[in-house]
Amino acid sequence: MTNKPRLYSGMQPSSDSLQIGNYIGALLSWKRMQEECDALFSIVDLHAITVPQDPAQLRENTRRTAAQYIAAGIDPSRSTLYVQSHVPAHAELAWVLNTITGFGEAGRMTQFKDKSAKQGADAASVGLFAYPVLMAADILLYRTEVVPVGEDQRQHIELTRDLATRFNSRFGDTFVLPEARILTETAKIYDLQNPTAKMSKSAESHAGVIWLLDEPSVTAKKIMRAVTDDDASVRFDREAKPGVSNLLSIYSVLSERSVDSIEDEFAASGYGAFKKGLAELVVSVFEPIRARTLEMLDDPAELDRILAGNAARAQEIADQTLQTVYDRIGLLRRG
């Protein structure tokens, strides 16, 4: 047993490579939090299938995402790193929670409204509609106390707390009410070619995205070609100089230095030297991650063994919670 607070977080296997925004926005925080918390980290493949997927590519992306987690510092011996679908209780608890979730309540979720508006109502699946309920099940299964999320996920954590409170009121004290840990201290990373738009795996062009598994020369070239402005001063100003400010944010996080100190270093150098320094820094951080990822992917059986062992640890906790839930709502135990 541990006195550390229980933490849960996950990421979809939506690409064959994570990008620098995932690393800075999630993995760096997770790496720190696994020392402070009893942490469970999941590759949420059940969430991924709420939109169409190529089956072979989904399997490959799931392995590659897991390998990048580990290579970036998530230690499967100190935290529990597993694939969501390897623990059936996620889907089973989601069904129970669906039965106590109001239709209007689910329909008010901002992300569903945004995505369904883009896709059209007929193209949006019931799975996409129920996505926040599955997310609630992910969290409540493990009696989670801490959920690190971005501001855009706050509404989903509020729904999770509402469902836990409702269930506890109807059927007795069962679930822990989780607290969102909003990652406000994390720098938001923008597209290198369009620095007013958040860097995204779904970007129309990959020229503005720094992938963890890019060849070092490709990474360096993307940084050297990043959009800046005509004023050659290396200065943070999000409104007037979004491109330079984005590069400064990346430099600051990866070097663990203040923006002011970086501005001072390159005050007399101009953009060329600044970008070259940033390119060298990013490559020095990501090349070991890339090498370790590719090494693990060369031995998929060992990676699968690690994931299976971690899934068994997760399932032991999840099954206890699910059985309690089934007992509380009156389902007959199998004899």
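Thresholds applied
Residues numbered from 1 in each chain as written. Predicted model: local features only at pLDDT ≥ 70, side-chain atom pairs only at ≥ 80, totals over all residues. Heavy atoms only, no water. Core = buried A, V, L, I, M, F, W, Y, C linked by side-chain atoms within 4.5 Å. Buried < 20%, exposed > 50% of the residue type's maximum accessible area, 1.4 Å probe, protein only. Helix = DSSP H or I, 4+ residues; strand = E, 2+ residues; numbered from the N terminus. Domains from an automatic or database assignment. Contact = heavy atoms within 4.5 Å. 1 Å grid on protein atoms, 1.4 Å probe; cavity = no way out; pocket = protein on both sides within 12 Å on 5 of 7 lines; lining within 4 Å. Points joined across faces, edges and corners; volume = space filled by probe spheres on them. Nonpolar A, V, L, I, M, F, W, Y, C, P; charged D, E, K, R; others polar.

Moving on, we get to the nonpolar core. Ranked by size, the top nonpolar core spans 57 residues in total, and within it Ile20, Tyr23, Tyr69, Leu254, Phe274 and Phe286 carry the most contacts. Listing elements by their share of this core, those giving two or more residues are β1 (6-11), α1 (20-36), β2 (38-43), α3 (55-71), β3 (80-83), α11 (242-255), α13 (271-297) and α14 (300-329). The dominant element in this core, judged by the number of residues it contributes, is α13, at eleven residues. Here this core gathers at least three residues from each of two domains, domain 1 (6-187 + 299-329) and domain 2 (216-294). Ignoring any residue separated from it by four or fewer positions in sequence, one finds Phe274 in contact with Val234, Val244, Leu247, Leu248, Tyr251, Ile262 and Phe266.

All right, on to the side chain of Thr62 then. Structurally, Thr62 can be placed in helix α3. With sequence-adjacent residues up to four places away left out, Thr62 is seen in contact with Pro13, Ile43, Asp45 and Val83.

Below, the discussion takes up empty space enclosed by the protein. All chains considered together, the criterion is met by two cavities of 30 Å³ or more. Computed from the structure, the second largest cavity encloses a volume of approximately 40 Å³. Residues of the lining of the second largest cavity, tallied by class, amount to six nonpolar, one polar and two charged.

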